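As a plain string of letters, each chain reads:
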Amino acid sequence: MRFATWNVNSIKARLPRLLEWLDATKPDVLCLQETKVAADAFPSAEVGELGYATAEYGQGRWNGVALLSRIGLDDVRRGFAGEPGYPDPEARAISALSGGIRFMSVYVPNGRTPDDPHYTYKLSWLAALRTALATDVAAGPLVVAGDFNVAPTDDDVWDPRVFAGATHVTPPEREALAGIRAVGLRDVVGRPLKGDHPFTYWDYRAGMFHQNKGMRIDLVYASPDVAGRVTDAVVDREARKGKGPSDHAPIVVDIDG
DNA sequence: ATGCCCTTGTAACAAGGA
């Protein structure tokens, strides 16, 4: 089985790239983030032609997550128990059962700056996610994948000095990630196809991708049974190249069975 | 080479992204 996660930064703008990538990569399950469309505008018919069922959770202009699967989607859940809002709940998490595994696609709040109310929201959102995942991980095989908007270590940013005092690298954010792992989830790190760091995001500006000045903020957290079945994991930086890419690259994971 | 912000909503910019 092959699954993947990808922050597409608008599924409408990315649709040609997404369809091309699906046809070439053929994941069984794909976790999508930042779809930026209302549910009724999701291109379900287009991905359906490639054999994918869709479960989407959208709110329009901002956020939006979805799951695609060509092996079935059951027991779809939008959001999670105790999820905070800003001030209202946003479309940032969706999960479903597929191939005997519960997949959750997450788009963690950005946080903006450490002194911004959005940063407090981010930390409370991650704390509530931890609580919800403690229940989910006890229920069976689990994969939580998406844009966590946190670089787990200083090795996960291209220059830690540049990020001093900024969001995405603060100790409370990293502790929140550690808390999520502590419920019984393992960090499945993709191989970088170039360079030493498995970055998944490169800013559009100033040729950052071409200088490999990136960040590892997209993560795959898997329960031990799933993590133990991993045969390969890759950051598909090819998808960051060319005309009209997302600023994030997908992570593609292969598992036995 | 991979190549030097992008997307959406709304109407020339505003806001968010990380």
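Residue positions within a chain follow its written sequence, with the count starting from 1. Think of it this way: whatever chain is written first is A, whatever ligand is written first is 1, and the rest follow in order. With the structure being a predicted model, the display of local features is reserved for residues of pLDDT at least 70 and the display and counting of side-chain atom pairs for 80 or more, all residues being used for whole-chain, interface and lining totals. In computing side-chain properties, one takes all heavy atoms of the structure into account and sets aside hydrogens as well as water.

S.K.: Tell me what's going on with the overall build of chain A, and back it up with residues and numbers.
M.R.: From N to C terminus, chain A includes five helices and 13 strands. As defined in this context, the radius of gyration uses C-alpha atoms, and a globule is described by 2.2 Å times the residue total to the power 0.38. Expected size for 257 residues packed as a compact globule is a radius of gyration near 18 Å; at 17 Å, chain A falls within 12% of this value. For the C-alpha atoms alone, the extent of chain A along its principal axes is close to 45 × 40 × 35 Å. Two residues qualify as a contact provided that any one of their heavy atoms is within 4.5 Å of a heavy atom in the partner residue. For chain A, restricting intrachain contacts to residue pairs at least 6 apart in sequence, the fraction spanning at least 24 positions comes to 71%. Summed over its atoms, the accessible surface of chain A is roughly 10500 Å², and 52% of this surface lies on carbon and sulfur atoms. Of the side-chain charges in chain A, 29 are positive and 34 negative, and the distance between the mean point of each set is 3 Å. Starting at the N terminus, helices and strands are each numbered in turn, a helix being any DSSP run of H or I of at least four residues and a strand any DSSP run of E of at least two. Computed with a 1.4 Å probe, the accessible areas rest on the Shrake-Rupley method; for each residue, only the protein chains presented here act as cover. Charge counting follows a simple rule: Lys and Arg are positive, Asp and Glu are negative, and His as well as the terminal groups are ignored. Where a charge lies is defined by one atom per residue type: Lys uses NZ, Arg uses CZ, Asp uses CG and Glu uses CD.

S.K.: Go over the pattern of salt bridges with me, naming the residues and quoting the values.
M.R.: Any Lys or Arg side-chain nitrogen found within 4 Å of a carboxyl oxygen on Asp or Glu counts as a salt bridge. Counting across every chain of the model gives 17 salt bridges. The shortest N-O distance in the salt bridge between Arg-77 and Asp-136 comes to 3.4 Å. Linking Arg-77 in strand E5 (residues 74–78) with Asp-136 in helix H3 (residues 117–139), this pair joins segments that are 59 residues apart in sequence. As a salt-bridge pair, Asp-154 and Arg-174 come within 3.1 Å of each other at their nearest N and O atoms.

S.K.: So what about the nonpolar core? Which residues, and what values?
M.R.: One broad trend across soluble globular proteins is that nonpolar side chains are buried collectively. The criterion is simple. A nonpolar core is a set of buried Ala, Val, Leu, Ile, Met, Phe, Trp, Tyr and Cys residues joined through side-chain atoms within 4.5 Å. Throughout, exposure labels follow a simple rule: accessible area from a 1.4 Å probe, protein chains only, divided by the maximum for the residue type, with under 20% read as buried, over 50% as exposed, and the rest as partly exposed. By size, the foremost hydrophobic cluster in this structure holds 31 residues, and its most contacted members are Phe-3, Phe-103, Val-143, Val-220 and Val-253. In contact with Phe-103, other than residues within four places in its own chain, are Met-1, Phe-3, Val-29, Cys-31, Leu-67, Ile-94, Ser-95, Ala-96, Ser-98 and Val-143. In this structure, Tyr-121, Ala-132, Leu-142 and Phe-148 belong to the second largest nonpolar core, which totals 24 residues.

S.K.: Account for the sheet that holds strand E8 (residues 142–147), naming residues and giving values.
M.R.: To summarise the sheet geometry, strands pair through backbone hydrogen bonds and adopt either a parallel or an antiparallel arrangement. With mixed pairing, the six strands of this open sheet are ordered in space as E5-E6-E7-E8-E11-E9. Every interior strand has two partners, whereas the edge strands, E5 and strand E9 (186–187), have only one. DSSP bridges decide pairing: two strands pair if at least two such bridges lie between them. Bridge analysis of strand E6 (residues 93–98) against strand E7 (residues 101–107) gives six bridges, and the strand direction is antiparallel. Bridging from a neighbouring strand, Ser-98 pairs with Ile-101 of E7.

S.K.: Describe H3, and please don't skip the residues or the numbers.
M.R.: Its 23 residues give H3 an end-to-end C-alpha distance of 34 Å, which sits within 8% of 33 Å, the value for a rise of 1.5 Å per residue. Looking at H3, one finds that the buried residues are His-118, Tyr-119, Tyr-121, Lys-122, Trp-125, Leu-126, Ala-128, Leu-129, Ala-132, Leu-133, Asp-136 and Val-137. Check the buried side of H3 and you find it contacts E5, E6, E7, E8 and helix H4 (171–182). Near the N-terminus of H3, the side chain that reaches the backbone nitrogen of His-118, with its oxygen 2.7 Å away, is that of Asp-116. Gly-140 sits one or two positions beyond H3 and adopts a positive phi of about 155°. Here a helix's expected span is defined as the number of its residues, less one, multiplied by 1.5 Å. The definition of a polar contact used here is a pair of N or O atoms within 3.5 Å, where within protein one atom must be able to donate a hydrogen and the other to accept one, and adjacent residues in sequence count solely through side-chain atom pairs.

S.K.: Would you mind going over the protein's contact with DNA strand B in detail, with residue names and values included?
M.R.: Nearness is judged by heavy atoms alone; a residue qualifies as near a molecule or strand once a single heavy atom is within 4 Å of it. Taken together, 29 residues sit near DNA strand B, with Ser-10, Asn-110, His-168, Lys-194 and Ala-206 positioned nearest. Each atom of DNA strand B within 4 Å of the protein was classed as base or backbone; sugar and phosphate made up 71%. Within the side chain of Tyr-107, an N or O atom sits 3.0 Å from a phosphate oxygen of DNA strand B. In this structure, Gly-242 approaches DNA strand B through a main-chain N or O atom, which is 3.1 Å from a phosphate oxygen. Among the elements that make up the surface near DNA strand B, the one with the highest residue count is helix H1 (residues 11–25) (three residues).

S.K.: A description of the packing of aromatic side chains should follow, citing residues and the corresponding values.
M.R.: When the centres of two rings from Phe, Tyr and Trp lie within 6.5 Å, Trp using its six-membered ring, the rings pair. Their planes under 30 degrees apart give stacked, over 60 give edge-to-face, and anything left gives tilted. What the rule picks out here adds up to six aromatic pairs. Arranged with centres 5.1 Å apart and planes meeting at 75°, the rings of Phe-80 and Trp-125 form a pair that is edge-to-face. In this pair, Phe-80 is assigned in the loop between E5 and E6 and Trp-125 in helix H3, connecting sequence segments 45 residues apart. Across the pair, exposure class does not vary: Phe-80 and Trp-125 are buried alike. Ring centres of Phe-148 and Tyr-221 lie 5.3 Å apart, and the angle between their planes is 45°; this geometry places the pair in the tilted category.

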